[in-house]
Every structure is written in C-alpha cells, then in structure tokens.
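# Structure at a glance
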Amino acid sequence: MWINESNLYQIYPLGFCGAPPENDGNTVPRIRKVTEWSGYLQALGIDTVLFNPVFESDSHGYDTRGFRKLDCRLGTNEDFRAVTDDLHAHGIRVLLDGVFNHVGRGFWAFRDVREHRQNSPYKDWFYIDFGRESNYGDGFWYEGWEGHYELVRLNLQNPGVRDYLTDSVRFWVEAFDIDGLRLDVAYCLDENFLRHLHWFVREPLREVLAGRPDPDFPLIGEILFGDYRRIVNGDMLDSCTNYECYKGLYSSFNSGNMFEIAHSLNRQFGPEDWCLYRGMHMVSFLDNHDVNRIASTLINPAHLKPAYGLMTGMPGIPCIYYGSEWGAAGVRHDGSDADLRPCFSAPRSDDETVRFVTRLLTLRHSPEAHPLRFGDYRNVVITSLQLVFARTDEQGQIYVCVNASDSPFTAGSDELRGNFRELISGQDLALDGSVEIPGYGVLWLRRAD
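Quick caveat: nothing in here was measured; it's all calculated off a predicted structure.

### Concerning the overall build of the chain
- Each helix and strand in the chain was counted, giving 13 helices and 19 strands.
- Taking 2.2 N^0.38 as the reference for a compact globule, 449 residues should give roughly 22 Å; the C-alpha atoms of the chain span a radius of gyration of 23 Å, in line with that estimate.
- Dimensions of the chain, computed from the C-alpha atoms along their principal axes, are close to 80 × 50 × 45 Å.
- Residues classed as buried in the chain amount to 58% of the 449 residues present.
- For the chain, the exposed area adds up to about 16900 Å²; of that, 47% sits on carbon and sulfur atoms.

See below:
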C-alpha cells in the first residue's frame, strides 16, 4: 500500500488558515492559503498531506454540522477542490479527517431531533433517552463523547448513519479526489462499522478509484492506548498513530534514558517471536494538534535534530506537524489548544532544522533507504544517551545511530566492520568495529559491502 512509503504532513486547517474560533457564517476562501505552501512541501520531501477537519462545524472542526460542505470559514467546496488539485499537481496525496464517532449540536440531523423529538426520523441516529434531561435543556438526554456534550455521539450501528457516512466518503472522493482517511478517536468506533468501512473502501469505492495508478485507499486510526491490533488488522484499519513511541521519543531525550525508546521499539518491532507489531506500518510523530509542540516539550533544544533523525529512521510512517519542522513552539494553556494550532504567515524554508528534516525525508524516498521504509528492527548498541539500531530487508541494511550527548560518542559493535555510506552526509566510511557519532548527531549508515 502506498501509504507505507509516505512522508506525511499534518495541517489543522482552521488554525493554519487563521479562521475565527467560532463559526461566524462568513464564507472566506482561507483554505487556498495551502496552495502557497505546496511548492515548499514538495521540496521538503512531503508526498501526503493530512488535513484535520475541514467540514462545516460549530467551532473547532470536530463538532461537525454536516459532512458535504466545506466550513465557510475556509471557503467553498470549489476552493477546496482547487487546493487538492494543486497538491496533486505537486505530487502530494490528500488524507481527510473522518470524524465519525460524534457530531456537533449543530449537526442537521440532531437539530431535527431537537425540534421534533420522538417524531424525528433521526432519533435513532443518536443515543437518546427522552425520559431524562440534558445540560442544555433539550427535553431529552443524549450520550456525548467522553462526557463532552457539545459532541453528540453517533449510533454507528444504525444503517442510516452508516450509509450517510460511507456516502459522504464517496462524495469526498468524487468532489475533492481525496486519497485516504484518518479516523478520529478510532479506538471508540464500533468495530462492525470499521469492518463495513473497510469493505466499502475496497469494494464499492474501488469502482470510483479504478482510474488511478494506485487505487488503494488507506484507513489510519487515531489510537491512544491498548493493543493496536484490535482494530489494525486485515478486516478493519491499515495503520494507526503510534502513541507509545511518541511518548518514548521525547521522554528518552528529556530523561537521558534511551533505553525507554529502545524498549518500546523492540517490544513493537523487534526480532523476537513475542514482539507485537512486526510488519505493521504505524504513523510515527513527535507532536500533533492535540499535544504540546516538540520544541516546547524537549528540555534541551539541541535534541530537536536527533529526535527527528530517530523518528524518521524508526519503523513507521513519519508525520510532521506543520511548523514543527523549524521548531515552532506551542503549549496547551488552561485547556485550550489554540497555541498548538497557529497561523503562520509563510513557511521557513531557509531554517537550518528545515534543511536537516528535508534531507531526512528526501532520503527516505530514495532506493538506498528502502530498509528504512520496510526493514525489520534490531537493537545493536544502547546506552543512556546513545542508541544504535539496525533496519534490514532484502535490499540492504542501515544502522541508525543517535547521540543525545553534546560530546562525540564512539559506538562499538562487531557489526560495524566493513564499508559503509553515511547517507545523510554522503560520506563513505571504512569501519573497524566502531563509529563516532557527533555530539547531538545522527548517522544513517548503509552497509556497502
């Protein structure tokens, strides 16, 4: 599946485009701002953009009013089609955020229930008790998402809901030519609905996608905890967010304990029979729209580059959150995510860290980096501040070497003997059982013999 070789770039459109926090009803084509970044994204090495919610909503996008119309704060459907066409012209695919667990109180079917109560044909689209009262004085109680009653939980076992959502996916493909979905709070979704969605994108939707060079339509789930295989399997989702390694990535640098991320990576992808996720391609990330920016999370700013080197070299599909490639700061304040979702006037293509990330992402696309995309995982050297692991497949072997110390470190192993090419610098090395990793440095050593 093409997503397994991708470099993702995540954009939270309402913040990225500087839209007002509440829906003001004014139609402004802010989404076209993305076209000003498409050349930058292509040069960065991005081949897929993941958009968080773009459809009409009450406020932050996850409180959907309807699934067939672009949020007016971002523009019209025609504006968004112009954006997806422009991204495709730059060789960049498009994923949309499928918010299928819940909708906003302004969702058209829920408004009908509020008006007609038991007589509404949509009353069974939700989990409603007409014998109780909501906090909003609706005259009935309903189930919200994890206690957030501005988010009304959908009854995904209802055939009408199921058909409305899959018809919406078909509409997105036909109207915007999208390439796949990220499923919000996938860990909450009804498993039978996930099976149906899996079938839908591989059977009925396949007819719509038939003219594409690669008609695969990946489904990526947001999963925070538990065994990812519960819903990432041959019957449901293709991939998910790797939150276990997200925590290990920043925590290992902050605590001076590279054993943590090494343990997580081996637990998930290592060579032992008990390792959990060998062969799976999960989404790797240092931050996103829900957590503090990585530049604000790392105690030592010098760890930003080695963190990117580790994240893009480990098993998975790397995902960059917009602006974090140049170290943009952002912290949640008083329960608000606004600081995490800013509007930048322009990308910073001349930034040193951007150039470094560009090198990493560009290399991942190259034939010589094939093991980083598909290779297995094995720990080679682990210390408190250093980690060396091997990625190996039928096309070669690469050693990812990371140094969290400010001083150079000599990593020794009998495996580090012979001729190698350091991919990031392009330097050829003849090693005799050890390699020096620069302070705060990253090496990608491809065996050349």
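### Here's the deal with the pairing of strand 15 (residues 386-393)
- Within strand 15, 7 of the 8 residues are buried, which leaves the element mostly enclosed by the surrounding structure.
- The sheet contact formed by strand 14 (residues 376-382) and strand 15 spans 6 bridges and is antiparallel. Opposite Ile-382, over in strand 15, you have Leu-387 as the bridge partner.
- Following strand 14, the chain reverses through 3 residues before pairing antiparallel with strand 15.
- In the sheet, strand 15 pairs with strand 16 (residues 396-403) via 8 bridges, with the strands oriented antiparallel. When the bridges of strand 16 are listed, Asp-393 appears paired with Gly-396.
- Counting the residues between successive antiparallel strands, the hairpin from strand 15 to strand 16 contains 2 residues.

### Quick word on the packing of aromatic side chains
- Under the counting rule described, the total for this entry stands at 40 aromatic pairs.
- Residues Phe-80 and Phe-176 carry aromatic rings whose centres are separated by 5.0 Å and whose planes lie at 70° to one another, so their mutual orientation is edge-to-face. Of this pair, Phe-80 sits in helix 3 (residues 77-89) while Phe-176 is found in helix 5 (residues 159-176), placing the two residues 96 residues apart along the sequence.
- Owing to a relative accessible area of 0%, Phe-176 belongs among the buried residues under this scheme.
- Centroid distance Tyr-321 to Tyr-322: 4.9 Å. Interplanar angle 70°. Geometry classified as edge-to-face. Here Tyr-321 matches Tyr-322 in class, with each residue buried.
- Taking the ring centre of Phe-16 as reference, the NZ or CZ of Lys-33 above it sits at 4.8 Å.
- Between the NZ or CZ atom of Arg-105 and the centre of the ring of Tyr-136, over which it lies, the distance is 3.8 Å.

### Side note on the environment of Arg-278
- Inspection of the secondary structure puts Arg-278 in the loop between helix 9 (258-269) and strand 12 (283-285).
- Accessibility expressed as a relative area gives 42% for Arg-278, which makes it partly exposed.
- Counting along the chain gives 99 residues from Arg-278 to Tyr-377, while the straight-line C-alpha distance between them is 8.4 Å.
- Those residues in contact with Arg-278, other than ones at most four positions away along the chain, are Gln-268, Phe-269, Gly-270, Pro-271, Glu-272 and Asp-273.

### Re the sheet that holds strand 7 (residues 144-145)
- Spatially, 4-8-7 is the arrangement adopted by the 3 strands of the open sheet, whose pairing is antiparallel. The two strands at the open ends of the sheet, each matched to only one other strand, are strand 4 (102-104) and strand 7.
- Where strand 7 and strand 8 (residues 148-153) come together, 2 bridges link them in antiparallel fashion. Each bridged residue has a counterpart across the sheet, and for Trp-145 the counterpart in strand 8 is His-148.

### Here we look at the environment of Phe-259
- Along the chain, Phe-259 falls in helix 9.
- With 126 residues separating them in the primary sequence, Phe-259 and Leu-385 have C-alpha atoms 8.6 Å apart.
- Setting aside residues no more than four positions away along its own chain, Phe-259 makes contact with Ile-382, Thr-383 and Ser-384.

### Regarding the pattern of salt bridges
- The tally for this structure, following the rule as stated, stands at 30 salt bridges.
- A salt bridge links Glu-191 to Arg-230, with the shortest nitrogen-to-oxygen separation between them at 2.6 Å. Of this pair, Glu-191 sits in helix 6 (residues 191-202) while Arg-230 sits in the loop between strand 10 (219-221) and strand 11 (239-240), placing them 39 residues apart in sequence.
- Across the salt bridge formed by Asp-414 and Arg-417, the nearest N and O atoms sit 3.5 Å from each other.

### A word on the state of the cysteines
- Across all of its chains, the model carries 0 disulfides by this definition.
- As a non-bridged cysteine, Cys-17 has Cys-343 as the owner of its nearest cysteine sulfur, 7.2 Å distant.
- Assessed through its relative accessible area of 8%, Cys-17 is described here as buried.
- Unpaired in this structure, Cys-275 has its nearest cysteine sulfur neighbour in Cys-245, at a distance of 12 Å.

### Things to note about the sheet that holds strand 2 (residues 48-51)
- Read from one edge of the open sheet, 8 strands run 11-10-9-3-2-1-13-12, paired in parallel fashion. Each edge of the open sheet carries a strand with a single partner, namely strand 11 and strand 12.
- Two elements, strand 12 and strand 13 (residues 317-321), share 3 bridges in a ladder whose sense is parallel. Bridging across to strand 13, Ser-284 finds its partner in Pro-318.
- Packed on one face of the sheet, helix 3 meets strand 2 and strand 3 (93-98) and runs near 135° to strand 3.

### Observations concerning helix 8 (residues 243-255)
- Taking 1.5 Å of rise per residue, 13 residues should cover 18 Å, and helix 8 covers 18 Å from first to last C-alpha, within 8% of that figure.
- Listed in full, the buried residues belonging to helix 8 are Tyr-243, Cys-245, Tyr-246, Gly-248, Leu-249, Ser-251, Ser-252 and Phe-253.
- The inward-facing, buried residues of helix 8 abut helix 9, strand 12, helix 11 (304-313) and strand 16.
- A positive backbone phi angle near 60° is found at Gly-256, which sits one or two residues after helix 8.

### Some thoughts on the packing of helix 5 against helix 6
- At a minimum axis separation of 11 Å, helix 5 and helix 6 run at an interaxial angle of 35°. Both helix 5 and helix 6 take part in a crossing whose hand is right-handed. Together, Arg-162, Leu-165, Thr-166, Val-169 and Arg-170 of helix 5 and Phe-193, His-196, Leu-197 and Phe-200 of helix 6 make up the contact between the two elements.
- Its residues assigned to classes, the contact of helix 5 with helix 6 shows 5 nonpolar, 2 polar and 2 charged.

Cut-offs and rules
Residues numbered from 1 in each chain as written. Predicted model: local features only at pLDDT ≥ 70, side-chain atom pairs only at ≥ 80, totals over all residues. Heavy atoms only, no water. Helix = DSSP H or I, 4+ residues; strand = E, 2+ residues; numbered from the N terminus. Rg over C-alpha atoms; globule rule 2.2 N^0.38 Å. Buried < 20%, exposed > 50% of the residue type's maximum accessible area, 1.4 Å probe, protein only. Areas by Shrake-Rupley, 256 points an atom, 1.4 Å probe, with all protein chains shown as cover. Pairing = 2+ DSSP bridges. Phe/Tyr/Trp six-rings, centres within 6.5 Å; stacked < 30°, edge-to-face > 60°. Lys NZ or Arg CZ within 6 Å of the ring centre and 35° of its normal. Contact = heavy atoms within 4.5 Å. Salt bridge = Lys/Arg side-chain N within 4 Å of Asp/Glu carboxyl O. Disulfide = S-S within 2.5 Å. Axes fitted to C-alpha atoms, helices over the stretch in contact; angles between N-to-C directions. Expected span 1.5 Å × (residues − 1). Left-handed = near helix turned anticlockwise from the far one by under 90°. Nonpolar A, V, L, I, M, F, W, Y, C, P; charged D, E, K, R; others polar.

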